[in-house]
Amino acid sequence: MTPRLAVRQTRARLWRITAPLAVGAGALAIWEAIVRLEGIPPYILPGPMLIAETLWTDGPSLLGSLLVTLRITLAALAAAAVIGGGIALLFSLSRVLALSLFPYAVILQVTPIVAIAPLIIIWVRQPFLALLVCAWIVAFFPVVANTTVGLNSADRNLLTLFRLYSASQTQTLRYLKLPTALPYFLAGLRISGGLALIGAVVAEFVAGTGGTETGLAFRILEAGYRLAIPRLFAALFLLSVTGIVIYLLLDALSRLLLRHWHESAIEEENE
Amino acid sequence: MRGVAKRFGSGITALEAVDLDVGRGEFLGVLGPSGCGKTTLLRIIAGLSEPSTGIRRLSLETNREGYASAGRIGFVFQDPTLMPWSTVFDNVLLPFRLARQAGAVARERAAAEIRSVGLAGFERAYPRQLSGGMRMRVSIARALVTDPDLLLLDEPFAALDEITRMALNDDLMRLWDSRRPTVVFVTHSVFESVYLSTRIAVMTSRPGRIVADLPIELAQPRERALRTSPHYATLCATVSRHLAKAMAAGTR
């Protein structure tokens, strides 16, 4: 790599970070200015400064709630990965099973979670489990759909080659179909990460204080009732950050696993 | 094979009444226009596809179902058909791995095969880091690693540039010369088939039939100088004439 190219790449990377940050800072400044100039009361729209202050004072208690929501989210994501992957595997092994069950997976996916969450909360007595089931229902579908496509995308000639060498079904799965499906699975998981958080939040909204621990979603609801709008914004901020962090972690995982061979994970500078 | 025909469900007749004998250690070039059923012919020889009528017999070691034992046949596709997630070494080791024999002996064999196709030092590289010609070499190494009795090549160099292609022709010649497996090499290049083959079968299209069977009597081993020799030019002209006749017959 020539030094000039290196400089250009460093500059490009710097831009990728600074440009969005500048836009964000500008927007916050305008927001703060409007709130101050117009004299908007904090129970309608608090300024970013006040939100930051609230985040600092209410932080510890909000973080405790965040942990509750995060536990549900991560458990739901893990369940989506394992059970979703398992369902896709079953689908790829049996065409009959796939044809007969896939429509029901779609039905489960398109039914609004808000509508069935109360039922689940009644049926599943254990509150944590009930919330987990709700979040899982929202999150599992992308993994199933993507992984199923991936498992059926193995290169035809490689399949022929495996037949020529009398490979067993297990070997074909292990050496050919699973590696082919990995990028698809990871792409599904990245979508599921965001959905698991949404599912957890929606479930908490519906469940209220069903459990002994209150999650972040309930704190938002509560803050809204009490017109504690700055705290509502602070909780919202934490929720967004959590979503972003989950996405970034899954993206990093994907890059790590695919770094040697998949186009999506290869840096341009290698070309 | 005797009277082999292949019809697909779609009503297309890919092969019709093909009689073909390939002797042990022969290098048979199958030459014909694209879409003349050459690939189908190879798949039937490999046992990947059953003929609609006629018989196919292989005098190879067979397993209980009457198919050639795994590893007795090597197959090289038009594309390198490598596993992108595996290193060169793991790609070449695959046939042993599928036979559950990926022990120290197999590893040594795979390493030796990679050396013999001139890729020493690239064992740990991934396919995407290699050029098209190098990927094809990996594919050839994988086909040869089990020391097959029968090597089937389906237009393996069609997608490569002329220079790479010539280099690979010479390498293939050398590899064949040192072990003498039976080779069936499908191509649509007259020059390539004459340069490599000990015999050429010319095919027509729709339905695919073998219309000419020409022995190519050239001294072994063949070297680059041959490409410019008058004798080679005469042979190429003869084969071209047969091909032209076959194509005229096919379009009638």
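Residues numbered from 1 in each chain as written. Chains lettered and ligands numbered in written order. Predicted model: local features only at pLDDT ≥ 70, side-chain atom pairs only at ≥ 80, totals over all residues.

(A) Expanded view of the interface of chain B and chain A. Counting residues at the interface gives 18 residues for chain B, matched by 16 residues for chain A. Considering each element in turn, the side of chain B that touches chain A owes the most residues, 3 residues, to helix α2 (residues 88-98) of chain B. Of the residues in the side of chain B that touches chain A, the class split is 13 nonpolar, 2 polar and 3 charged. (Contact = placed C-beta atoms within 7 Å. Helix = DSSP H or I, 4+ residues; strand = E, 2+ residues; numbered from the N terminus. Nonpolar A, V, L, I, M, F, W, Y, C, P; charged D, E, K, R; others polar.)

(B) View of the packing of α2 of chain B against helix α3 (residues 104-116) of chain B. Residue and element names in this part refer to chain B. Running from N to C, α2 and α3 cross one another at 125 degrees; their axes reach a closest spacing of 9 Å. Comparing their axes, α3 and α2 come out oblique. Here the hand of the crossing between α2 and α3 comes out right-handed. The segment α2 lies against α3, with Val88, Phe89, Val92, Leu93 and Phe96 engaging Ala106, Arg107, Ala110, Glu113 and Ile114. In the contact of α2 with α3, the residues fall into 8 nonpolar, no polar and 2 charged. (Axes fitted to C-alpha atoms, helices over the stretch in contact; angles between N-to-C directions. Parallel < 35°, antiparallel > 145°, perpendicular 65-115°, else oblique. Left-handed = near helix turned anticlockwise from the far one by under 90°.)

(C) Focus on the sheet that holds strand β3 (residues 27-31) of chain B. Residue and element names in this part refer to chain B. Taken in spatial order, the 6 strands of this open sheet run β5-β6-β7-β3-β8-β9, and their pairing is mixed. The two strands at the open ends of the sheet, each matched to only one other strand, are β5 (73-76) and β9 (209-215). When the angles between neighbouring strand axes are averaged without regard to direction, this sheet yields 15 degrees. Where β3 lies against strand β8 (residues 199-204), 4 bridges are found, and the strand directions are parallel. In the strand pairing of β8, Leu31 is matched with Val202. On the sheet, helix α4 (residues 132-144) packs against β5 and β6 (150-154) and is oriented at approximately 165 degrees with respect to β5. (Pairing = 2+ DSSP bridges.)

(D) Looking closely at the confidence of the model for chain B. Residue and element names in this part refer to chain B. Across chain B, the average pLDDT comes to 82, with 87% of residues at 70 or higher. The least confident element of chain B is strand β1 (residues 2-7), whose mean pLDDT is 58; the most confident is α2, at 94. Among the scores for the predicted complex, ipTM is 0.86 and pTM is 0.85. (pLDDT = per-residue confidence, 0-100.)

(E) Summary view of the nonpolar core. Membership of the largest hydrophobic core comes to 73 residues, with the highest contact counts inside it found for Val30, Phe75, Val92, Leu152, Val184 and Phe185 of chain B. Once residues lying within four places of it in the same chain are set aside, the contact partners of Val30 of chain B are Lys38, Leu41, Val184, Phe185, Val186, Ala201 and Met203 of chain B. (Core = buried A, V, L, I, M, F, W, Y, C linked by C-beta atoms within 7 Å. Buried ≥ 20, exposed ≤ 12 C-beta atoms within 10 Å, placed from the backbone.)

(F) Region of the structure containing helix α7 (residues 169-207) of chain A. With 39 residues, α7 of chain A ought to run about 57 Å at 1.5 Å a step, yet its terminal C-alpha atoms sit only 45 Å apart, falling short of that. At Lys177 of chain A, α7 of chain A shows its largest kink, close to 40 degrees, and the proline Pro179 of chain A lies no more than four residues downstream. (Expected span 1.5 Å × (residues − 1). Bend = angle between axes of the 7 residues up to and from the residue.)

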